[in-house]
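A look at the structure
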Amino acid sequence: MSKADVIVGIQWGDEGKGKIVDKLAQEYDMVCRSQGGHNAGHTIWVDGKRYALHLIPSGILNPKAINIIGNGVVLNPDSIIKEMEQFDNLEGRIFISDKAHLNLPYHSLIDMARERLKGDAAIGTTGKGIGPAYADKINRVGHRADELLDPKTLSKNILNYFAQNKVIFEALEVEVPNEAELLEQLEYYNQKLGKFIANTTNMVWEAIEDGKKILLEGAQGTMLDIDHGTYPYVTSSATVSAGACTGLGISPKDIGVVTGIVKAYTTRVGNGPFPTEDFTEAGETMADVGKEVGTTTGRGRRCGWFDAVAVRYASRLNGCDQLSLMKLDVLDGFETIKICVAYEVDGKVIDYVPSNMENIKPIYEDIAGWDSVVGCREFDQLPQTAKQYIQRIEELTKTKVGIISTSPEREDTIIR
Ligand code: IMP
């Protein structure tokens with residue numbers, strides 16, 4: 001028997017999970033996605049070739065690993081077909097849960113229409129139809145991957161769904177799909193994806209029984225979790241480690257080591273509260289040096305200081321055994337580095353994350369900066385003040401920092 005290790009985002013996504021998952025995926029027999037959809041994204045370079053991944057787990061770059069897209073994912077057929085075209089011979093290497101819900105082109109149209117109608121209150125979604133696809137699932141009117149195997153019936157059911165919700169679609173200005181075109185599209189999806197659809201729950205159970213090494217690759221981050229994040233400015237899935245259980249069909253007892261990925265500072269893309277956002281030159285420097293542009297939408301990321309209150313909360317929610325501190329080099333050259341140690345809300349100092357994160361004033365502690373950490377591959381090589389920063393993060397978040405990334409290079413990673 002084995003346990004499944006989890007990689008989970010601890011802030012608002014984009015923490016640099018890609019680098020760690022890519023590094024670790026080399027050691028795993030099975031790599032699984034359990035939530036989210038093609039709103040996620042990272043780019044991986046291998047031997048000078050660029051791969052853009054949105055739905056396909058990073059294990060695809062390890063020829064020996066099996067990749068699972070779990071039932072908790074919302075699957076956009078066009079996106080995965082395009083991603084698959086980057087690779088040869090995927091049969092037997094990638095499996096899509098028959099229970100994964102479909103994220104179809106109309107979901108994205110609904111998403112964009114709703115954002116438009118919200119005006120100033122828009123969430124700032126990726127426009128990929130994630131919310132509407134999960135809403136259909138919870139509303140019990142969604143369609144699952146196994147329905148792709150019978151395009152005629154699926155096409156009929158989708159048209160019925162449009163007929164039942166005519167008023168809503170008219171208000172959103174979303175057109176009813178053309179019957180012949182819809183059937184043709186679904187037949188194409190079946191032809192491309194049909195052979196990859198499987199009972200992945202059984203496959204993961206078998207891998208556990210056979211003692212295989214399993215990695216669960218989270219998407220987005222804890223502060224975007226549908227229950228525990230900055231609602232309503234969140235994504236529509238359970239991004240915490242517990243979501244990996246329902247999103248794959250495994251029990252909490254099957255979970256092994258949980259590694260939380262955090263940046264040495266904080267970023268957020270999209271709207272919503274962000275207590276430590278920095279609007280000064282410091283925030284701009286983080287954005288420039290850290291190349292903080294979203295991989296899926298190309299939007300600039302908002303930047304700010306490390307929020308130890310939010311990270312302590314996220315670490316507890318996920319049961320993190322360790323943190324992996326990413327992009328420490330982006331803070332190189334700062335004279336002083338701020339770290340948020342508490343919040344002030346309505347004149348009261350609190351040390352926890354309240355359900356409403358609007359109107360929080362961060363309380364900072366200053367820590368001396370350092371010249372450069374680039375290329376450090378051992379903890380002892382780090383400048384003294386960088387070590388102090390990491391130790392302070394450990395104290396405040398009550399979590400060990402077990403991995404530190406000191407440059408984008410795979411090898412510039414300290415494992416403690
Ligand atoms: P949605 O997931 O497209 O519905 O977007 C909801 C919120 O989550 C928006 O603020 C997005 O910017 C954010 N979001 C979704 N996916 C990601 C991601 O992969 N990285 C960072 N933010 C994301």
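Keep in mind it's a predicted model, so treat the numbers as computed, not measured.

Pro 232 follows Tyr 231 through a cis peptide bond whose omega is 5°. One non-glycine residue, Gln 220, adopts positive backbone phi at about 60°. Mapped onto the elements, Gln 220 comes out in the loop between β10 (214-217) and α9 (241-246). The exposure class assigned to Gln 220 is buried, which follows from its relative accessible area of 11%.

Here we take up the side chain of Ser 58. In this fold, Ser 58 is placed in the loop between β4 (49-53) and β5 (66-69). Within polar-contact distance, the side chain of Ser 58 engages the side chain of His 42 at 3.1 Å. Among all residues touching Ser 58, those that are not within four sequence positions of it are Val 21, Ala 25, Val 31, His 42, Ile 44, Leu 53, Asn 67 and Glu 217.

Our focus in this paragraph is the sheet that holds strand β2 (residues 30-33). Strand order in the open sheet made by the ten strands is β9-β7-β5-β2-β10-β1-β11-β15-β19-β20, with mixed pairing throughout. Among the strands making up the open sheet, the edge pair consists of β9 (197-198) and β20 (413-415). Relative to strand β19 (residues 401-405), strand β15 (residues 322-326) runs parallel, the two being bridged by three bridges. Across the sheet, Leu 325 pairs through a bridge with Ile 404, a residue of β19. Of the strands in this sheet, β1 (4-9), β2, β10, β11 (255-263), β15, β19 and β20 touch helix α1 (residues 17-25), which is tilted by about 165° from β1. Relative to β5, helix α8 (residues 200-209) is tilted by about 135°, and along the sheet it contacts β2, β5, β7 (94-97), β9 and β10.

Quick look at the site of the ligand now. Every one of the 16 residues lining the ligand counts as a neighbour, but Asn 39, Thr 126, Thr 235, Val 269 and Arg 299 are closest to it. In the environment of the ligand, an oxygen atom lies 3.0 Å from a nitrogen or oxygen atom belonging to the backbone of Val 269. Protein contacts shield 96% of the accessible area of the ligand, which totals 470 Å² for the unbound molecule. In terms of residue class, the shell around the ligand is made up of seven nonpolar, seven polar and two charged.

Summed over all chains, the structure comprises 14 salt bridges. Here Arg 410 makes a salt bridge to Asp 22, at a shortest N to O gap of 3.1 Å. In this pair, Arg 410 is assigned in the loop between β19 and β20 and Asp 22 in helix α1, connecting sequence segments 388 residues apart. For Asp 22, a relative accessible area of 8% puts it in the buried group. The partner of Glu 395 in a salt bridge is Arg 392, with the nearest N and O atoms 2.6 Å apart.

On to the state of the cysteines. Within this structure, the stated rule accounts for zero disulfides. Its sulfur unpaired, Cys 340 is 16 Å from the next cysteine sulfur, which belongs to Cys 303.

This part is about the layout of surface pockets. Reported here for the second largest pocket is a volume of approximately 210 Å³. For the second largest pocket, the full set of lining residues is His 38, Ala 52, His 54, Asp 78, Ser 79, Lys 82, Glu 83, Gln 86, Lys 128, Thr 295 and Thr 296. Tallying contributions element by element places helix α2 (residues 77-84) first for the lining of the second largest pocket, with four residues. Grouping the amino acids of the lining of the second largest pocket by side-chain chemistry returns one nonpolar, six polar and four charged.

The next thing to look at is empty space enclosed by the protein. With a probe scaled to a water molecule rolled over the atoms, the places where space remains empty come into view. According to the stated counting rule, one finds two cavities of 30 Å³ or more in the structure shown. Of the pockets and cavities examined, the largest cavity occupies roughly 50 Å³. Residue lining of the largest cavity: Val 6, Ile 7, Val 8, Ser 34, Gln 35, Leu 216, Glu 217, Gly 218, Thr 239, Val 240, Ser 241 and Ala 244, and that is the complete set. Elements with a contribution of two residues or more to the lining of the largest cavity: β1, β10 and α9. Of all the elements, β1 adds the most residues to the lining of the largest cavity, at three residues. For the lining of the largest cavity, the residue count by class is six nonpolar, five polar and one charged. Looking at the second largest cavity, its volume works out to about 30 Å³. Every residue lining the second largest cavity is listed: Leu 102, Leu 104, Tyr 106, His 107, Ala 133, Asp 136, Val 141, Gly 142 and His 143. Within the residue set of the lining of the second largest cavity, elements represented by two or more residues are α3 (105-118) and α4 (130-138). Looking at the lining of the second largest cavity residue by residue, the classes come out as five nonpolar, three polar and one charged.

Turning our eyes to something else, we now look at the packing of α2 against helix α7 (residues 179-193). Close contact between α2 and α7 brings their axes to 11 Å; oriented N to C, the two are set at 40°. If you check the angle between α2 and α7, you find them oblique. Once α2 is placed against α7, the crossing between them reads as left-handed. Contacts between α2 and α7 involve Pro 77, Asp 78, Ile 80, Ile 81 and Met 84 from the first element and Gln 185, Tyr 188, Tyr 189, Lys 192 and Leu 193 from the second.

Along α2, six of the eight residues are buried, which leaves the element largely enclosed by surrounding structure. Of the positions making up α2, those classed as buried are Pro 77, Ser 79, Ile 80, Ile 81, Glu 83 and Met 84. Residues of α2 that are buried in the fold lie against β4, β5, β6 (74-75), β7, β8 (101-102) and α7. The backbone nitrogen of Asp 78 has a side-chain oxygen 3.2 Å away, supplied by the residue at the start of α2, namely Asn 76.

Right, let's talk about the packing of helix α5 (residues 151-164) against α7 for a bit. Here α5 crosses α7 at 135°, and the two axes come no closer than 9 Å. When the axis of α5 is compared with that of α7, the two are oblique. The crossing of α5 and α7 is right-handed. Contact residues: α5 offers Pro 151, Lys 152, Leu 154, Ser 155, Ile 158 and Leu 159, while α7 offers Glu 179, Leu 182, Leu 183, Leu 186, Glu 187 and Asn 190. Each residue belonging to the contact of α5 with α7 can be placed in one class, and the counts come to seven nonpolar, two polar and three charged.

What counts, and where the lines are drawn
Residues numbered from 1 in each chain as written. Predicted model: local features only at pLDDT ≥ 70, side-chain atom pairs only at ≥ 80, totals over all residues. Heavy atoms only, no water. Helix = DSSP H or I, 4+ residues; strand = E, 2+ residues; numbered from the N terminus. Buried < 20%, exposed > 50% of the residue type's maximum accessible area, 1.4 Å probe, protein only. Polar contact = N/O pair within 3.5 Å; in protein donor to acceptor, adjacent residues only side chain to side chain. Contact = heavy atoms within 4.5 Å. Pairing = 2+ DSSP bridges. Axes fitted to C-alpha atoms, helices over the stretch in contact; angles between N-to-C directions. Near = heavy atom within 4 Å. Areas by Shrake-Rupley, 256 points an atom, 1.4 Å probe, with all protein chains shown as cover. Nonpolar A, V, L, I, M, F, W, Y, C, P; charged D, E, K, R; others polar. Salt bridge = Lys/Arg side-chain N within 4 Å of Asp/Glu carboxyl O. Disulfide = S-S within 2.5 Å. 1 Å grid on protein atoms, 1.4 Å probe; cavity = no way out; pocket = protein on both sides within 12 Å on 5 of 7 lines; lining within 4 Å. Points joined across faces, edges and corners; volume = space filled by probe spheres on them. Parallel < 35°, antiparallel > 145°, perpendicular 65-115°, else oblique. Left-handed = near helix turned anticlockwise from the far one by under 90°.

Scope: geometric values only; no functional claims are made or implied.
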